[in-house]
Amino acid sequence: MSGFAKRYSFRSGKVHDESCKTHNSGPLAIAACCVLFCLGIGLIIGFEAGRGGTGGQSRPWQQVRLPETLLPIHYDVELQVDVTAFTVVGQVNVTLRCATPTRHVILHSAELDIIGGDGTPGIQGSGDVIAPRITSWFLYTENQYLVLELDKALTKGAVYTVNLNFRGTLRDGLIGFYRSSYVNKDGQTRYLATTHMQPMGARLAFPCFDEPAFKATFTVTLVHRAGYTALANMPLENNVTRNDGWIADRFQRSVRMPTYLLAFVVSDYTSVGTVSSSGLETRIWARPAYIAAGMGDYGLDVAHKIVAYYEEYFDVPFPLPKIDHISIPDYSIGAMENWGLITYAESLLLYDARRPSASLKRGVAQIVAHELAHMWFGNLVTMEWWDGIWLNEGFASYVQYLGYGYVEPDVNVMEQFAYYRCQAVMEDDSLTSSRPIFQPVNHPDESREIFDSITYSKGASILRMLGNFVGESTFRKGLKSYLERNAYSNAVQDELWEALTLAARADGQTDLDVKTVMDTWTLQMGYPVVNLTRDYGRGTAQATQQHFLLDPTATVTVPSDFGYRWHIPLTYTTRGNSFDLPEQAWMRPDQDTSPVNLQGAGSDDWVLVNIHRVGYYRVNYDLTNWQLLTDYLNSDLYEEIPPDNRGTLIDDAFNLGRAGQLDLSTALDVTRYLVRERHFVPWSMAKAAMNYVETVFGSVNDLNDNWQAYMVQLISPFYNEVGWTLQQSDYNTEVGQVLAISTACTYGQPGCVNNATALFRRWMDTNNNSHIPETFKSTVYCTAIRYGGGPEWDFAWQRYLEGEPSEQSLLLSAMACSRDADILRSYLERSMDAAHVRRQSAPDVISYVGRSGVGKSLAWNFLVDNWDFYVENFDETQFTMASIVSSVTKQFSSQEDLDNLEQFLRDHPNQGTATRAFSQAVDTTGANLRFRRDNESKIRAWLDGLNRGN
Ligand SMILES: *[C@@H]1O[C@H](CO)[C@@H](O)[C@H](O)[C@H]1NC(C)=O
Ligand SMILES: *[C@@H]1O[C@H](CO)[C@@H](O)[C@H](O)[C@H]1NC(C)=O
Ligand SMILES: *[C@@H]1O[C@H](CO)[C@@H](O)[C@H](O)[C@H]1NC(C)=O
Ligand SMILES: *[C@@H]1O[C@H](CO)[C@@H](O)[C@H](O)[C@H]1NC(C)=O
Ligand SMILES: *[C@@H]1O[C@H](CO)[C@@H](O)[C@H](O)[C@H]1NC(C)=O
Ligand SMILES: [Zn+2]
């Protein structure tokens, strides 16, 4: 799913290790990284991008990419791990084939003590081959290489084995081979050893060819003390007890795979498991107390079903005999798809059925489905290089919906897609500071920059759109042939396009060229808005397209080969016609306008484009059609427009309003139908879009008060209908009820606030919260803390310190709901103390505080004052700094905010991995300012009109 690497500072000729820390930013993934700091004594050695630059022959280690002279075939790796002393003693024998004669063996190695290993590097030829002698060897830390120099060149085609011994530590960062811990029932701290390799962490565990195209097989031996269980990608082959009491667990030889998918865990965990009829073993591993409490059971149930489903969906069997899923207390991201040994953050894999929650179940099923999709997409077929990561991540982010839908058949999962996958990323992607989804990665360090919403959510959205226009059976046929052709190997996106084009041709779609279409979506940033202008007299319409930019004054400076025009698969329907089989039409980049046949829609019938929001674009209509749609939503028939399209109408209208392409009062008029709305998808989308009004006008008191009152008016019918009696009949009902309660409480509906506060008080009085349904907890906690004071907050803090992971993550967010500046300031200070708040959670605290009205300037000032703390701890994970900055600046909308930002940028010319986030923040703040200037009186008048009963 994602990963990161480490940072060097090169002072006085010595390599300083800085601990690499990251955090878990919830179900979204984070970043990859590796920043290279060359300071100090004079010489700064640059890098040469790509392979084969100048100097490649004489000093091949100066290339940032591995030379392709030697190709690894097989590794024998042995790691002896002392889980409590944090030491690792290792040995690796790597067998390789010489592809081009060379006098250098170059492989990655970082932070490993080769010198202190037991014996110097060695090399042998295979069979009759006589190996040259190793004359010297050294570490080239700039590129994290270990270089062996030979007296003669290796022979082309010959096979050699290189032996390396090394020592390392179980790191306290969250990458490579690292340690984690938890406190067991008896109050003892128990340590475990675990790994995170993606993208460049394997070199921290043992010397290896650490690039995704250097696939090989691996035989791993983990040596550990009694009382621990060792796990690796493959099942155990044998175990022996050595003289000195160590136990050596040797695992079966792996399939051909890249280094970033390796995983090793040594722990005192227990598991639950099952074996499928085809013999595939699935196990869930966690702290013994959690397994005993049944918290692995739901994960197990969905995991084994989803694998079986994917085997059928892809029509390609899963090649390993087992899959372990393991939850790790200290974990930087959501989960990682290591082949056969998937690692997760604890709160995302474990589910406590004693405290039911459809949304927590959804989280588990979705993430398991995501990681399992990678077993095919990413693991079996791997991107050639990190620039292709979007295909892995986008694919898994789309297919996870299919896997989740399979295990929860009562949930209409695809209607959630528009909200969870499209809405937020389309906001990011409408800024001029966005980027194309396919982005060259010249230096390995840049691989950290691409694990973002564009990679995941835009990737998922455009693959879904593609699946839709080629048709499901053609899509699956193309995927199968792509997977089979490239199995155990690597591929680039054009190979997928080709497989899909061939499948489409075989199915009779002779004029479709998938690459031509998809290049317009992957090689340029952004997306179009389609304008549909109807001719009501003739019953026809014309469609035009234009790059959608949220800020109407922004100018795009990055040129595009496609001129910011797209091949757009239009889908549309009219009143009374089908949403299941909508009309389809292509818009081509070279056509100024495309005629759209409205199939006889009358002048009183609305037209709706982009059915189920399958297309990655926005739609604008002429005002008459907007009026027809709005009237229909305000009628008893509104549910004939599906939920995802209802939400999209509000989202599009609001964003078009922000962009100056639709009068804001027209957008506001669409929202009035929400008094009828009872479905969580359109409601969630509406709230996300309408939240912009609070972002900009939250501090304009009279306007904000009227706005809050309007929101209460919209949600009250829904809230009064569902009340606080837990309804768990089905997913949508449960999530809808939670939405109604949380919306009512957020906007201060007095009954809601009283109920929430009473529930929290009872917890404080009895020290028992079993009367609060799990799904209401976040609303109850947040509301009670917002309307409460010191006692409520202190109580929450105590419960946080002793809570389980899922309770902790609820409280972490709720404690930021306080409106007391002193409390919030002390919360921010406590978040820097790793004794209380796990380091990975500190960024969440400042992000939560920054998102609240009161917290905005507090969080900003805190970030400025403690910039070094955040950089030191989180700069390695690009996404972390970026998400802190974008959360903290999200509400910026005044001249003062803009001045503060610009002052900061003058004071800190290097913003590290937050660079893009800062330029987005400047863009967004500027746009917010303009929006405020242009729309304040309009919104005020519109709200006043409502109050007058208009
Ligand atoms: C590596 O090779 C050496 C020499 O052949 C052998 O003694 C050692 O056991 C091997 N190590 C591993 C991990 O297979
Ligand atoms: C070796 O593995 C078996 C099967 O997993 C296990 O029952 C046994 O306890 C292990 N032996 C040692 C010494 O760990
Ligand atoms: C689409 O309509 C909006 C609003 O009328 C207008 O600003 C924009 O220029 C139009 N775009 C095209 C390509 O016609
Ligand atoms: C909510 O408040 C109402 C009235 O104040 C009360 O009748 C109801 O029992 C409360 N519900 C809960 C769950 O506390
Ligand atoms: C909390 O209350 C519930 C129900 O009243 C009870 O079953 C449970 O044992 C209590 N828990 C504790 C820790 O007292
Ligand atoms: Zn992933």
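Reading the values: the criteria
Throughout, a residue's number is its position along its own chain's written sequence, starting from 1. All chains are assigned letters beginning at A, and all ligands numbers beginning at 1, according to the order in which they are written. Reporting in this predicted model follows two pLDDT cut-offs: at least 70 for local features of residues, and 80 or more for side-chain atom pairs to be given and counted; totals over whole chains, interfaces and linings ignore these cut-offs and use all residues. To get the side-chain values, all heavy atoms of the structure are used, and hydrogens and water are removed first. A donor here means any N, O or S atom no more than 2.8 Å from the metal (3.2 Å for Na, K and Ca); water is not included, so a site may seem to lack partners. Here a strand is any run of E in DSSP of at least two residues, a helix any run of H or I of at least four, and the numbering for each starts at the N terminus. Lining residues are those with an atom within 4 Å of a point, where the points come from a 1 Å grid over the protein atoms alone and group into cavities, where a 1.4 Å probe fits but cannot get out, or pockets, open sets with protein on both sides within 12 Å along at least five of seven lines. Grid points are joined across faces, edges and corners, and a volume is the space filled by probe spheres set on the points. Gly is placed with the polar residues, together with every amino acid not listed as nonpolar (Ala, Val, Leu, Ile, Met, Phe, Trp, Tyr, Cys and Pro) or charged (Asp, Glu, Lys and Arg). By definition in these notes, contact holds between two residues if any of their heavy atoms fall within 4.5 Å. The salt bridge definition used is simple: a Lys or Arg side-chain nitrogen within 4 Å of an Asp or Glu carboxyl oxygen. Here the term buried applies to any residue with accessible area under 20% of the maximum for its type, exposed to any over 50%, and partly exposed to those in between, with areas from a 1.4 Å probe on protein chains only. Where each domain begins and ends is defined by an automated method or by a domain database. Summed over both partners, the accessible surface that disappears when two parts come together, traced with a 1.4 Å probe, is what is meant by buried area. Two strands are counted as paired when DSSP detects at least two bridges linking them. In this description, a line fitted to the C-alpha atoms serves as the axis of each element, helices being fitted only across the stretch in contact, and the angle between N-to-C directions of two axes falls anywhere from 0 to 180 degrees. Two cysteine sulfurs form a disulfide in these notes if their separation is within 2.5 Å.

**Some details on the coordination of the zinc ion (ligand 6)**
Turning to step 1, where the next piece is worked out: At the metal site, the zinc ion (ligand 6) is ligated by H370 (NE2), H374 (NE2) and E393 (OE), and these contacts range over 2.0 to 2.1 Å.
Turning to step 2, where the next piece is worked out: Summarised as a motif, the one-chain spacing of the donors to the zinc ion (ligand 6) is H-x3-H-x18-E. Taken as a pair, H370 and H374 lie in helix α5 (residues 358–374) at a separation of four residues, close to a single helical turn.

**Let's talk about the layout of surface pockets**
Turning to step 1, where the next piece is worked out: Here the second largest pocket is characterised by a volume of approximately 550 Å³.
Turning to step 2, where the next piece is worked out: Around the second largest pocket sit 24 residues that line it, and R464, N468, D580, H612 and V614 are the ones nearest its centre.
Turning to step 3, where the next piece is worked out: Counting only elements with at least two residues in the lining of the second largest pocket, the list comes to α6 (389–407), α7 (414–428), α8 (453–470), α9 (472–485) and α13 (643–658).
Turning to step 4, where the next piece is worked out: Across the lining of the second largest pocket, the residue classes tally to 12 nonpolar, seven polar and five charged.

**Observations concerning the environment of Q252**
Turning to step 1, where the next piece is worked out: Its location among the elements puts Q252 in the loop between β16 (247–251) and β17 (264–267).
Turning to step 2, where the next piece is worked out: Each C-alpha atom of the pair Q252 and A232 lies 9.3 Å from the other, and the pair is 20 residues apart in sequence.
Turning to step 3, where the next piece is worked out: Sequence-distant contacts of Q252, that is, excluding residues within four places in its chain, are made with F218, M234, P235, L236, E237 and P321.

**Concerning the pattern of salt bridges**
Turning to step 1, where the next piece is worked out: What the rule picks out here adds up to 42 salt bridges.
Turning to step 2, where the next piece is worked out: D315 is the salt-bridge partner of K480, the closest N and O atoms lying 3.2 Å from each other. Within this pair, whereas K480 is found in helix α9, its partner D315 is found in helix α3 (residues 297–315), the two being separated by 165 residues in sequence.
Turning to step 3, where the next piece is worked out: Between D330 and R838 there is a salt bridge, with the nearest N and O atoms lying 2.8 Å from each other. In this pair, D330 is assigned in the loop between β20 (322–328) and β21 (335–336) and R838 in the loop between α22 (821–831) and α23 (842–851), connecting sequence segments 508 residues apart.
Turning to step 4, where the next piece is worked out: The class of R838 is partly exposed, set by a relative accessible area of 30%.
Turning to step 5, where the next piece is worked out: Through salt bridges with shared partners, one network takes in D352, R354, R355, E774, K777, E804 and E807.

**Some words on the domain arrangement of the chain**
Turning to step 1, where the next piece is worked out: For the chain, the domain assignment lists domain 1 (2–45), domain 2 (68–267), domain 3 (269–358), domain 4 (372–522) and domain 5 (820–950).
Turning to step 2, where the next piece is worked out: At the junction of the two partners, domain 3 supplies 24 residues and domain 4 supplies 24 residues.
Turning to step 3, where the next piece is worked out: At the boundary of domain 3 with domain 4, total buried surface from both sides reaches about 2,200 Å², with 73% on carbon and sulfur atoms.
Turning to step 4, where the next piece is worked out: Area buried by domain 3 at its contact with domain 4 is led by Y310, Y313 and F314, which between them contribute 34% of it.

**Section: the sheet that holds strand β22 (residues 341–345)**
The pairing of strands in a sheet happens through backbone hydrogen bonds and is either parallel or antiparallel.
Turning to step 1, where the next piece is worked out: One open sheet accounts for five strands, arranged β18-β19-β20-β22-β21; its pairing is mixed. Strand pairing shows two members of the sheet lacking a second neighbour, β18 (270–275) and β21, which therefore form its edges.
Turning to step 2, where the next piece is worked out: Relative to β22, β20 runs parallel, the two being bridged by five bridges. Residue pairing for β22: I328 is matched across the bridge by A345.
Turning to step 3, where the next piece is worked out: Here α3 sits on the sheet in contact with β18, β19 (281–286) and β20, set at roughly 150° to β19.
Turning to step 4, where the next piece is worked out: Its contacts with the sheet place α5 against β20, β21 and β22, and it is angled at close to 145° to β22.

**Thoughts on the state of the cysteines**
Turning to step 1, where the next piece is worked out: In the structure shown here, the tally under the stated rule is two disulfides.
Turning to step 2, where the next piece is worked out: Across a sulfur-sulfur distance of 2.1 Å, C745 and C752 are joined as a disulfide pair. Across the S-S bond of C745 and C752 the torsion is about -100°, and the bridge reads as left-handed.
Turning to step 3, where the next piece is worked out: With its sulfur 2.0 Å from that of its partner, C782 forms a disulfide with C817. Its S-S torsion of approximately -105° makes the covalent link between C782 and C817 left-handed. Of the two residues, C782 is situated in helix α19 (residues 777–787) and C817 in the loop between α21 (805–814) and α22; the sequence distance between them amounts to 35 residues.
Turning to step 4, where the next piece is worked out: Taken in N- to C-terminal order, the disulfide-linked cysteines of the chain are connected 1-2, 3-4.

**Observations concerning the pairing of strand β5 (residues 87–98)**
Consecutive side chains along a regular strand alternate between the two faces of the sheet.
Turning to step 1, where the next piece is worked out: Relative to β5, strand β4 (residues 70–82) runs antiparallel, the two sharing 12 bridges. Residue pairing in the sheet places E78 in a bridge with Q91 of β5.
Turning to step 2, where the next piece is worked out: The antiparallel pairing of β4 with β5 creates a hairpin that spans four residues between the two strands, and F86 there sits at a positive phi of about 65°.
Turning to step 3, where the next piece is worked out: Of the pairings in the sheet, the one linking β5 to strand β10 (residues 159–169) comprises 11 bridges and is antiparallel in character. Paired with G90 across the bridge in β10 is F166.

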